[in-house]
Amino acid sequence: MDFALSEEAQAIFDMARDFGQAEIAPHAQAWERAGTIPKALWPKLAELGFGGLYVSEDKGGSGLSRLEATLVFEALSMACPSVAAFLSIHNMCAKMIDLYGSDDLQERFLPRALAMDCVLSYCLTEPGSGSDAAALRTRAERTNTGFALTGTKAFISGGGYSDAYIVMCRTGGDGPRGISAVIVEDGTPGLSFGGLEDKMGWRSQPTRQVQLDACAIPAANLLGEEGQGFRYAMAGLDGGRLNIAACSLGAAQAGLNATLGYMAERRAFGQPIDQFQALQFRLADMEIEMEAARVFLRQAAWKLDTGAPDATKACAMAKKFVTETGSRVVDQCLQLHGGYGYLADYGIEKLVRDLRVHQILEGTNEIMRLIVARHMLASRV
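Reading guide: rules and limits
Residues numbered from 1 in each chain as written. Predicted model: local features only at pLDDT ≥ 70, side-chain atom pairs only at ≥ 80, totals over all residues. Heavy atoms only, no water. Core = buried A, V, L, I, M, F, W, Y, C linked by side-chain atoms within 4.5 Å. Buried < 20%, exposed > 50% of the residue type's maximum accessible area, 1.4 Å probe, protein only. Helix = DSSP H or I, 4+ residues; strand = E, 2+ residues; numbered from the N terminus. Phe/Tyr/Trp six-rings, centres within 6.5 Å; stacked < 30°, edge-to-face > 60°. Expected span 1.5 Å × (residues − 1). Polar contact = N/O pair within 3.5 Å; in protein donor to acceptor, adjacent residues only side chain to side chain. Contact = heavy atoms within 4.5 Å. Axes fitted to C-alpha atoms, helices over the stretch in contact; angles between N-to-C directions. Parallel < 35°, antiparallel > 145°, perpendicular 65-115°, else oblique. Left-handed = near helix turned anticlockwise from the far one by under 90°. Nonpolar A, V, L, I, M, F, W, Y, C, P; charged D, E, K, R; others polar.

## A word on the nonpolar core
Generally speaking, soluble globular proteins have nonpolar side chains that are buried together. In terms of nonpolar packing, the biggest core is built from 69 residues, with Ile-24, Leu-41, Trp-42 and Leu-76 touching the most fellow members. Sorting elements by how many residues they give to this core places helix H8 (residues 237-265) first, with 12 residues. In this structure, Ile-89, Phe-109, Ala-133 and Leu-136 belong to the second largest nonpolar core, which totals 30 residues.

## Here we look at the packing of aromatic side chains
In the structure shown here, the tally under the stated rule is nine aromatic pairs. Judged by centre distance (5.7 Å) and plane angle (85 degrees), the rings of Phe-86 and Tyr-161 are edge-to-face. Here Phe-86 is found in helix H5 (residues 81-100), whereas its partner Tyr-161 is found in the loop between strand S3 (146-157) and strand S4 (164-170), with 75 residues between them in sequence. The buried category is assigned to Tyr-161, whose relative accessible area is 10%. Measuring from ring centre to ring centre gives 6.5 Å for Phe-269 and Phe-276, while their planes differ by 85 degrees; the resulting arrangement is edge-to-face. The class of Phe-269 is exposed, set by a relative accessible area of 83%. Given a relative accessible area of 24%, Phe-276 falls into the partly exposed group. One aromatic cluster in this structure is built from Trp-42, Phe-86 and Tyr-161.

## Here's the deal with helix H4 (residues 66-77)
End to end, H4 covers 16 Å across 12 residues, agreeing with the expected 16 Å (1.5 Å per residue, within 8%). The element H4 is largely enclosed, with a buried count of 11 among its 12 residues. Those residues of H4 not exposed but buried are Arg-66, Glu-68, Ala-69, Thr-70, Leu-71, Val-72, Phe-73, Glu-74, Ala-75, Leu-76 and Ser-77.

## Considerations on the side chain of Glu-74
Looking at the secondary structure, you find Glu-74 in helix H4. Side chain to side chain, Glu-74 and Arg-294 meet in a polar contact 3.4 Å long. In contact with Glu-74, other than residues within four places in its own chain, are Phe-13, Ala-246, Leu-249, Gly-250, Arg-294 and Arg-298.

## Describing the packing of H5 against H8
Where H5 contacts H8, the two axes come as close as 10 Å, and the packing angle between them is 160 degrees. Of the possible angle classes, the one that applies to H5 and H8 is roughly antiparallel. As for the relative orientation of H5 and H8, their crossing is right-handed in sense. Mapping the contact onto sequence places Pro-81, Ala-84, Ala-85 and Ser-88 in H5 and Asn-243, Ile-244, Cys-247 and Ala-251 in H8. Residue classes in the contact of H5 with H8 are distributed as six nonpolar, two polar and no charged.

## Here we look at the packing of H4 against H5
Relative orientation of the contacting elements H4 and H5 amounts to 155 degrees, with a least axis distance of 7 Å. Taken together, the axes of H4 and H5 lie roughly antiparallel to each other. In this structure, H4 crosses over H5, and the sense of that crossing is right-handed. Across from Phe-73, Leu-76 and Ser-77 in H4, the residues of H5 making contact are Pro-81, Ala-84, Leu-87, Ser-88 and Asn-91.

## Notes on the environment of Ile-166
Structurally, the position occupied by Ile-166 is in strand S4. Between the C-alpha atoms of Ile-166 and Ala-154, which are 12 residues apart in sequence, the distance is 13 Å. In this structure, Ile-166 is in contact with Cys-93, Met-96, Ile-97, Ser-121, Tyr-122, Cys-123, Ala-181, Val-182, Ile-183 and Leu-223, ignoring residues within four places of it in sequence.

Right, dumping it as structure tokens:
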């Protein structure tokens, strides 16, 4: 059993880390204050192949494994987890078009998505359906030319910012089999957005409700088969859970690195505070937790890549464990910074705020426990 990254995988990580430190980290706090990410950033990421990380190579994508993709998000999150997580959403959408889109849909959207001239958002959650996603109420009524789409989506990263939205909607009866996926382009009549959400973290990501009032959607914008939207949505979640865990891991590592530097310089009682044994123990505990989280995440990614029968369970366990580890670590980093950790200038309080939502999205950590328990009960002898 080889736990080492391949030379290619290490190069992918290094490339993403270097880009993040040069192009994202110096601006992360300013973008947070502005409440947006400059669109000029995305084509630069696309030049590295990050606009279609796991889109197949024959369609112009990078064709990375899920393990390799987690390395990209881990590395970029060392600069800013909010930016990295937004890129993850775009990549999930691009992969859905790659897997399920018609030839026409792929020709119209994939090249622009890969170049990140077309930024994609994902619309599943509604004001009344979060964990119970199959209860969504956004409805697409058949018309002579396609669908009239009516409903409201909530907590949409990129709402009012992105160029196209993959929207889960009800084309049939109640339950998951009545759900389809359509692509709604920005500027479509009947598409509007709520006010900018005032969030605890991820503040550089513009987040709004997406409001659909009899939006005319051409039949050609149906993604895949009618009635299969919920299956498509669920199929992307294992990878999404790995990505958000990787974002927690990278951000927590950045926080730990900053804390080590701070403790070497901060003096108390005549010596640097990293010389106090009690604080050394806390550093050691964080390092142990981080290493455990990293191995857990990469094992889960390997299982997803190899089609292991327990891959979904592994992804749920890794998402729960790594996101909670990341939050604990950055909280300890803030504590070790003392009052300075509470100041925005040091960047630690931003990490605490950004990482908190990782335990909620891509399936809450309570749902992760439910998935694990169901797998355990189903496999008992």
